[in-house]
Amino acid sequence: MNDRWGPRAPRADWRHGPQELTKWLFEDFPRTDQRRWAAAYLQGLLATPGKKSLRRMGSTVSASDTAWQSLHQIVNASTWPWQPVRNQLADWCARHARAHALVLAPVVIPKRGQQSAGVHRRFDPATGRTAGCQWALGLFLATDRGNMPVDWRLHLPDRWSDDERLRQRASIPKTERERTLLSLVTDVLDSRIARRRPSLPVVTEAATPGEASALAAALTACGRDFALAVPPETPLSAQRSVAAHRPWAPRPAGEACRIPPCPGCPTTTEPPSAVPLPERQVAPARSHLTGCAPPMRRVPVRRRPGRPQRTWLTSMGGSRLAEATRLVALHDTVAHATEVMASCGLHDFEGRSFPGWHRHMTLVSAASAHRLLETAYARDLVEPAA
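My aim in this report is to walk through the structure given alongside it, one point at a time. Here the structure is a predicted model, which is why all the values come from computation and not from measurement.

Considerations on the environment of R359
At step 1: By the element assignment, R359 lies in helix α14 (residues 354-382).
At step 2: Using a relative accessible area of 6% as the deciding quantity, one classes R359 as buried.
At step 3: Taking C-alpha positions, R359 is 8.5 Å from I74, a pair spaced 285 residues apart along the chain.

Structural data, given as structure tokens:
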């Protein structure tokens with residue numbers, strides 16, 4: 001058995017309160033006031049009940065009537081770079097929990113108005129409605145104590161790439177333009193956080209057959225083991241052998257994998273792209289996506305009531321198929337992680353700028369990781385570590 005699935009990380013490493021985390025994250029800040037107010041913002045996200053408005057957080061962390069202005073300054077007008085702090089956050093999480101995988105998951109943040117960086121109208125399958133929102137790709141460190149959010153990429157739709165006045169008002173850097181999902185995924189997996197953990201497999205989900213092709217290609221090109229959920233209408237192809245070169249005709253994933261299609265799943269108007277699904281115990285087949293991708297196999301998972309039907313494919317065959325099954329379970333806990341983020345101010349950013357959003361998300365991620373670990377530590381006190 002892979003040692004990533006061994007006993008939990010020792011709970012003796014945990015420290016009470018956020019003081020250790022704030023020191024770990026902000027000790028390299030050049031100015032004392034930056035360290036002080038970044039720590040205060042993090043404390044406000046953790047300690048303020050309900051909506052995390054700047055005024056409410058200010059009254060929580062300070063008796064000064066102007067504290068909220070300093071909190072506004074630290075995310076919207078300060079100069080500290082967010083990526084090094086995220087790198088430190090990932091290292092801190094790895095100190096306190098055993099990492100099993102990297103999970104890539106989109107997060108939709110509802111927004112009113114049209115001026116916040118990246119806001120656009122988007123259809124939400126969960127509610128069946130189109131609404132204004134920001135769409136971000138999150139990188140979660142999947143551990144034995146939960147999925148810890150550690151990195152983010154904000155999607156910038158067309159008008160945020162073309163309208164220079166809009167970009168200037170939101171302080172969007174010249175290097176940030178509209179990017180495809182493939183580009184976002186590649187960028188995240190090329191980050192320091194991912195590169196420092198090359199042995200961790202990637203777990204993610206495609207919303208459409210087109211996304212399935214893009215994600216399979218990106219993950220294969222990165223040389224990562226992965227587990228990928230695709231919608232049941234995704235065309236799949238299987239080959240009986242390399243020598244015969246007689247591929248089966250592409251069929252819906254539900255049919256090819258003997259899973260009936262879900263009537264409630266939205267269909268796609270995109271041209272179908274074949275995702276290879278070789279038969280069990282066959283030699284690697286030539287991929288329709290990248291020329292010579294490793295074979296993917298269906299992960300045997302049980303459908304849970306109330307969950308959308310998905311077909312899970314993995315590059316991890318043979319004896320590692322059981323590990324892929326456990327990775328699927330890790331993906332299902334992302335929803336809980338985003339709920340924790342919501343309780344830590346995910347939807348409460350007061351600002352419109354691109355840098356402000358990234359700094360707020362960095363501090364929300366740190367607060368959420370702390371809360372997840374704090375909850376796990378409290379549980380360990382009741383239930384001995386496995």
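Next comes the rest of the description.
Brief notes about the environment of L104
At step 1: Secondary-structure assignment places L104 in strand β1 (residues 99-110).
At step 2: Taking relative accessible area as the criterion, L104 reaches 1% and is therefore assigned buried.
At step 3: Separated by 101 residues in the primary sequence, L104 and E205 have C-alpha atoms spaced 7.7 Å apart.
At step 4: Here L104 is in contact with L137, G138, L139, V185, V188, L189, V202, V203, T204 and E205, once residues within four sequence places are set aside.

What about the side chain of S365?
At step 1: Mapping S365 onto the fold places it in helix α14.
At step 2: Among all residues touching S365, those that are not within four sequence positions of it are L89, P149, W152 and M341.

A look at the nonpolar core
At step 1: Ranked by size, the top nonpolar core spans 98 residues in total, and within it Y41 and L89 carry the most contacts.
At step 2: Among the elements that take part in this core, α14 stands out by supplying 10 residues, more than any other.
At step 3: The residues contacting L89, other than those within four sequence positions of it, are L21, L25, P149, V150, T362, S365, A366 and A369.

Conventions and cut-offs
- Residues numbered from 1 in each chain as written.
- Predicted model: local features only at pLDDT ≥ 70, side-chain atom pairs only at ≥ 80, totals over all residues.
- Heavy atoms only, no water.
- Helix = DSSP H or I, 4+ residues; strand = E, 2+ residues; numbered from the N terminus.
- Buried < 20%, exposed > 50% of the residue type's maximum accessible area, 1.4 Å probe, protein only.
- Contact = heavy atoms within 4.5 Å.
- Core = buried A, V, L, I, M, F, W, Y, C linked by side-chain atoms within 4.5 Å.

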